[in-house]
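# Per-entry structural report
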Amino acid sequence: MTFFKLTTGAVLAWMVAVTALAHGGATGIVKERMDGMSAMKDAMKTLTPMMQGKTTYDAGTVRDAAETIGRHAGDSMTRLFPEGSDGMPSEAKPAIWQDWDAFAELAEQLQTYAEGLALAADNGLMMAGAGQGSGMMGGSGMMGGASMMGGGAMTGGPPGREELSEMPADGVFMMLGQTCSACHTRFRSE
(Lines give C-alpha, C1' and ligand atoms only; values in the text may rest on other atoms or scores of the structure.)
Protein backbone atom coordinates (compact mmCIF):
# COMPACT_ATOMS: atom_id res chain seq x y z
CA MET A 1 0.00 0.00 0.00
CA THR A 2 2.94 2.35 0.64
CA PHE A 3 4.06 2.00 -3.00
CA PHE A 4 0.53 2.91 -4.09
CA LYS A 5 0.53 6.04 -1.91
CA LEU A 6 3.96 7.09 -3.16
CA THR A 7 3.07 6.44 -6.79
CA THR A 8 -0.25 8.28 -6.75
CA GLY A 9 1.20 11.12 -4.68
CA ALA A 10 4.14 11.53 -7.06
CA VAL A 11 1.89 11.49 -10.13
CA LEU A 12 -0.40 14.12 -8.60
CA ALA A 13 2.46 16.39 -7.49
CA TRP A 14 4.05 16.15 -10.93
CA MET A 15 0.75 16.96 -12.69
CA VAL A 16 0.10 19.99 -10.47
CA ALA A 17 3.61 21.42 -10.89
CA VAL A 18 3.78 20.97 -14.64
CA THR A 19 0.26 22.25 -15.32
CA ALA A 20 0.89 25.44 -13.37
CA LEU A 21 3.61 26.41 -15.85
CA ALA A 22 2.01 25.12 -19.01
CA HIS A 23 -0.86 27.44 -19.87
CA GLY A 24 1.05 30.68 -20.44
CA GLY A 25 0.41 31.90 -23.96
CA ALA A 26 -1.61 28.90 -25.16
CA THR A 27 -4.40 29.53 -27.67
CA GLY A 28 -6.64 27.50 -29.93
CA ILE A 29 -6.45 23.74 -29.86
CA VAL A 30 -3.35 23.75 -27.64
CA LYS A 31 -5.25 25.73 -24.99
CA GLU A 32 -8.26 23.45 -25.41
CA ARG A 33 -6.19 20.34 -24.73
CA MET A 34 -4.38 22.04 -21.82
CA ASP A 35 -7.78 22.89 -20.33
CA GLY A 36 -8.82 19.25 -20.70
CA MET A 37 -5.62 18.11 -19.02
CA SER A 38 -6.29 20.60 -16.21
CA ALA A 39 -9.77 19.17 -15.71
CA MET A 40 -8.27 15.68 -15.45
CA LYS A 41 -5.58 16.96 -13.07
CA ASP A 42 -8.27 18.50 -10.85
CA ALA A 43 -10.18 15.20 -10.86
CA MET A 44 -7.00 13.33 -9.87
CA LYS A 45 -6.39 15.91 -7.14
CA THR A 46 -9.84 15.10 -5.74
CA LEU A 47 -9.41 11.33 -6.04
CA THR A 48 -5.86 10.85 -4.77
CA PRO A 49 -6.39 11.58 -1.04
CA MET A 50 -9.57 9.49 -1.09
CA MET A 51 -7.79 6.54 -2.68
CA GLN A 52 -4.99 6.86 -0.12
CA GLY A 53 -7.49 6.81 2.75
CA LYS A 54 -6.57 10.37 3.77
CA THR A 55 -10.09 11.71 3.20
CA THR A 56 -13.47 10.08 3.52
CA TYR A 57 -14.35 7.86 0.59
CA ASP A 58 -17.41 9.05 -1.32
CA ALA A 59 -18.63 6.92 -4.23
CA GLY A 60 -20.52 9.82 -5.83
CA THR A 61 -17.42 12.00 -5.86
CA VAL A 62 -15.38 9.13 -7.30
CA ARG A 63 -17.96 8.60 -10.05
CA ASP A 64 -18.07 12.33 -10.90
CA ALA A 65 -14.27 12.66 -11.03
CA ALA A 66 -13.94 9.47 -13.11
CA GLU A 67 -16.57 10.76 -15.54
CA THR A 68 -14.65 14.03 -15.87
CA ILE A 69 -11.50 12.11 -16.78
CA GLY A 70 -13.44 9.93 -19.19
CA ARG A 71 -14.87 12.97 -20.99
CA HIS A 72 -11.34 14.14 -21.80
CA ALA A 73 -9.86 10.74 -22.72
CA GLY A 74 -10.08 8.51 -25.78
CA ASP A 75 -11.16 10.21 -29.01
CA SER A 76 -11.86 13.44 -27.12
CA MET A 77 -8.16 13.58 -26.31
CA THR A 78 -6.68 12.43 -29.60
CA ARG A 79 -8.72 14.90 -31.67
CA LEU A 80 -6.91 17.69 -29.77
CA PHE A 81 -3.53 16.59 -31.15
CA PRO A 82 -3.61 17.33 -34.87
CA GLU A 83 -0.27 17.06 -36.61
CA GLY A 84 1.73 20.26 -36.31
CA SER A 85 0.28 21.32 -32.95
CA ASP A 86 3.52 20.83 -31.08
CA GLY A 87 6.03 23.56 -30.29
CA MET A 88 5.77 26.19 -27.57
CA PRO A 89 3.69 26.63 -25.53
CA SER A 90 2.65 23.03 -26.16
CA GLU A 91 4.45 20.40 -24.17
CA ALA A 92 3.58 17.66 -26.63
CA LYS A 93 6.63 15.73 -27.84
CA PRO A 94 7.00 14.93 -31.54
CA ALA A 95 6.87 11.28 -30.42
CA ILE A 96 3.06 11.61 -30.34
CA TRP A 97 2.90 11.82 -34.12
CA GLN A 98 5.86 9.47 -34.66
CA ASP A 99 4.09 6.75 -32.64
CA TRP A 100 0.46 7.77 -33.00
CA ASP A 101 -0.86 4.24 -32.45
CA ALA A 102 0.78 4.01 -29.01
CA PHE A 103 -0.49 7.47 -28.06
CA ALA A 104 -4.04 6.68 -29.23
CA GLU A 105 -3.94 3.34 -27.37
CA LEU A 106 -3.02 5.10 -24.12
CA ALA A 107 -5.82 7.63 -24.66
CA GLU A 108 -8.32 4.78 -25.15
CA GLN A 109 -6.91 2.90 -22.16
CA LEU A 110 -7.37 6.03 -20.05
CA GLN A 111 -11.00 6.23 -21.12
CA THR A 112 -11.57 2.54 -20.32
CA TYR A 113 -10.04 2.95 -16.86
CA ALA A 114 -12.03 6.13 -16.20
CA GLU A 115 -15.26 4.37 -17.17
CA GLY A 116 -14.22 1.35 -15.09
CA LEU A 117 -13.53 3.57 -12.09
CA ALA A 118 -16.98 5.14 -12.38
CA LEU A 119 -18.49 1.64 -12.45
CA ALA A 120 -16.33 0.47 -9.52
CA ALA A 121 -17.06 3.51 -7.33
CA ASP A 122 -19.57 1.65 -5.16
CA ASN A 123 -17.01 -1.09 -4.47
CA GLY A 124 -14.98 1.08 -2.10
CA LEU A 125 -11.32 0.65 -1.34
CA MET A 126 -9.35 -2.59 -1.23
CA MET A 127 -7.93 -1.79 2.20
CA ALA A 128 -11.11 -0.14 3.38
CA GLY A 129 -11.10 1.29 6.86
CA ALA A 130 -14.17 2.35 8.80
CA GLY A 131 -16.44 4.27 6.48
CA GLN A 132 -14.05 3.83 3.56
CA GLY A 133 -16.06 1.45 1.39
CA SER A 134 -17.50 -1.99 1.15
CA GLY A 135 -14.57 -4.12 2.23
CA MET A 136 -11.37 -5.87 1.31
CA MET A 137 -12.42 -7.01 -2.12
CA GLY A 138 -14.58 -4.06 -3.06
CA GLY A 139 -18.10 -5.21 -2.29
CA SER A 140 -18.40 -7.83 -5.02
CA GLY A 141 -16.10 -10.26 -3.30
CA MET A 142 -14.01 -10.82 -6.40
CA MET A 143 -11.40 -9.16 -8.51
CA GLY A 144 -13.14 -9.98 -11.77
CA GLY A 145 -10.39 -12.29 -12.93
CA ALA A 146 -7.98 -9.43 -13.58
CA SER A 147 -4.81 -8.67 -11.74
CA MET A 148 -4.27 -5.22 -10.26
CA MET A 149 -1.74 -4.37 -12.94
CA GLY A 150 -3.89 -5.35 -15.91
CA GLY A 151 -4.30 -8.53 -17.83
CA GLY A 152 -7.79 -9.71 -18.57
CA ALA A 153 -8.77 -13.21 -17.49
CA MET A 154 -9.43 -14.45 -20.98
CA THR A 155 -7.51 -12.19 -23.36
CA GLY A 156 -4.23 -11.53 -21.60
CA GLY A 157 -4.74 -7.83 -22.41
CA PRO A 158 -5.84 -5.02 -20.14
CA PRO A 159 -9.03 -5.64 -18.20
CA GLY A 160 -12.28 -4.52 -19.78
CA ARG A 161 -15.02 -2.38 -18.24
CA GLU A 162 -16.85 -5.42 -16.83
CA GLU A 163 -13.73 -6.71 -15.08
CA LEU A 164 -12.89 -3.23 -13.82
CA SER A 165 -16.43 -2.78 -12.48
CA GLU A 166 -15.84 -5.71 -10.10
CA MET A 167 -12.55 -4.41 -8.72
CA PRO A 168 -11.98 -2.16 -5.72
CA ALA A 169 -11.99 1.48 -6.81
CA ASP A 170 -8.41 2.08 -5.65
CA GLY A 171 -7.17 -0.78 -7.84
CA VAL A 172 -8.78 0.75 -10.91
CA PHE A 173 -7.51 4.19 -9.87
CA MET A 174 -3.97 2.85 -9.69
CA MET A 175 -4.19 1.57 -13.28
CA LEU A 176 -5.66 4.90 -14.38
CA GLY A 177 -2.80 6.79 -12.70
CA GLN A 178 -0.21 4.50 -14.26
CA THR A 179 -1.71 5.18 -17.68
CA CYS A 180 -1.47 8.95 -17.09
CA SER A 181 2.11 8.58 -15.98
CA ALA A 182 3.08 6.33 -18.91
CA CYS A 183 1.62 8.78 -21.41
CA HIS A 184 3.24 11.83 -19.81
CA THR A 185 6.62 10.10 -19.55
CA ARG A 186 6.61 9.11 -23.20
CA PHE A 187 4.74 11.93 -24.89
CA ARG A 188 5.08 15.08 -22.79
CA SER A 189 8.05 17.43 -22.44
CA GLU A 190 8.91 18.47 -18.92
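### With respect to helix α2 (residues 28–51)
In this model, α2 (24 residues) spans 34 Å end to end at C-alpha, consistent with the 34 Å of a helix rising 1.5 Å per residue. Among the residues trailing α2, G53 stands out with phi positive, at a value near 75°.

### What to know about the state of the cysteines
Following the criterion strictly, the structure yields zero disulfides and no others. For the unlinked cysteine C180, the closest cysteine sulfur is that of C183, found at 8.0 Å. When its relative accessible area of 11% is taken as the criterion, C183 is described as buried.

### Describing the confidence of the model for the chain
This prediction gives the chain a mean pLDDT of 82; 72% of its residues lie at or above 70. The spread of mean pLDDT over the elements of the chain runs between helix α1 (residues 2–22), the lowest at 55, and helix α3 (residues 59–71), the highest at 98. This stretch, residues 18–22, has a pLDDT under 50; its non-local contacts, to residues over four places away or in other chains, come to nine contacts. Every residue in residues 130–154 scores below 50 in pLDDT, and together they form 69 contacts with partners more than four places removed in sequence or on other chains.

### Considerations on the packing of α3 against helix α6 (residues 100–120)
Running from amino to carboxyl end, α3 crosses α6 at an angle of 165°, the nearest separation of the two axes being 8 Å. Compared by their axis directions, α3 and α6 come out roughly antiparallel. Both α3 and α6 take part in a crossing whose hand is left-handed. From α3, V62, R63, A66, E67, I69 and G70 reach across to α6, where they touch L110, Q111, A114, L117 and A118. Split into classes, the residues belonging to the contact of α3 with α6 amount to seven nonpolar, two polar and two charged.

### Concerning the nonpolar core
Residues M51, Y57, I69, L117 and L176 are the most contacted members of the largest nonpolar core, which totals 41 residues. Those elements that provide at least two residues to this core are α2, α3, α5 (95–98), α6 and α8 (169–187). In terms of residues, this core owes the most to one element, α6, which gives ten residues.

### Section: the pattern of salt bridges
Scanning the model with the defined rule gives seven salt bridges in all. In this structure, K31 and D35 form a salt bridge, with 3.1 Å as the shortest nitrogen-oxygen distance. Linking K31 with D35, this pair stays in helix α2, spanning four residues, or about one helical turn. A relative accessible area of 35% means that D35 is categorised as partly exposed. Two residues, K41 and D42, come together in a salt bridge whose shortest N-O distance is 3.3 Å.

### A closer look at the side chain of E163
Mapped onto the secondary structure, E163 falls in helix α7 (residues 161–165). Nearest to the buried, unbridged E163 among oppositely charged side chains is R161, at 10.0 Å. At 2.9 Å, the side chain of E163 and the backbone nitrogen of G160 are in polar contact.

### Here's the deal with the environment of A120
On the secondary structure map, A120 appears in helix α6. Sequence separation between A120 and E163 is 43 residues, and the spatial gap between their C-alpha atoms is 9.4 Å. In this view, A120 contacts Y57, L164, S165, M167, A169 and V172; residues no more than four positions away in its chain are not counted.

Conventions we followed
- Residues numbered from 1 in each chain as written.
- Predicted model: local features only at pLDDT ≥ 70, side-chain atom pairs only at ≥ 80, totals over all residues.
- Heavy atoms only, no water.
- Helix = DSSP H or I, 4+ residues; strand = E, 2+ residues; numbered from the N terminus.
- Expected span 1.5 Å × (residues − 1).
- Disulfide = S-S within 2.5 Å.
- Buried < 20%, exposed > 50% of the residue type's maximum accessible area, 1.4 Å probe, protein only.
- pLDDT = per-residue confidence, 0-100.
- Contact = heavy atoms within 4.5 Å.
- Axes fitted to C-alpha atoms, helices over the stretch in contact; angles between N-to-C directions.
- Parallel < 35°, antiparallel > 145°, perpendicular 65-115°, else oblique.
- Left-handed = near helix turned anticlockwise from the far one by under 90°.
- Nonpolar A, V, L, I, M, F, W, Y, C, P; charged D, E, K, R; others polar.
- Core = buried A, V, L, I, M, F, W, Y, C linked by side-chain atoms within 4.5 Å.
- Salt bridge = Lys/Arg side-chain N within 4 Å of Asp/Glu carboxyl O.
- Lys, Arg positive; Asp, Glu negative; His and termini not counted.
- Polar contact = N/O pair within 3.5 Å; in protein donor to acceptor, adjacent residues only side chain to side chain.

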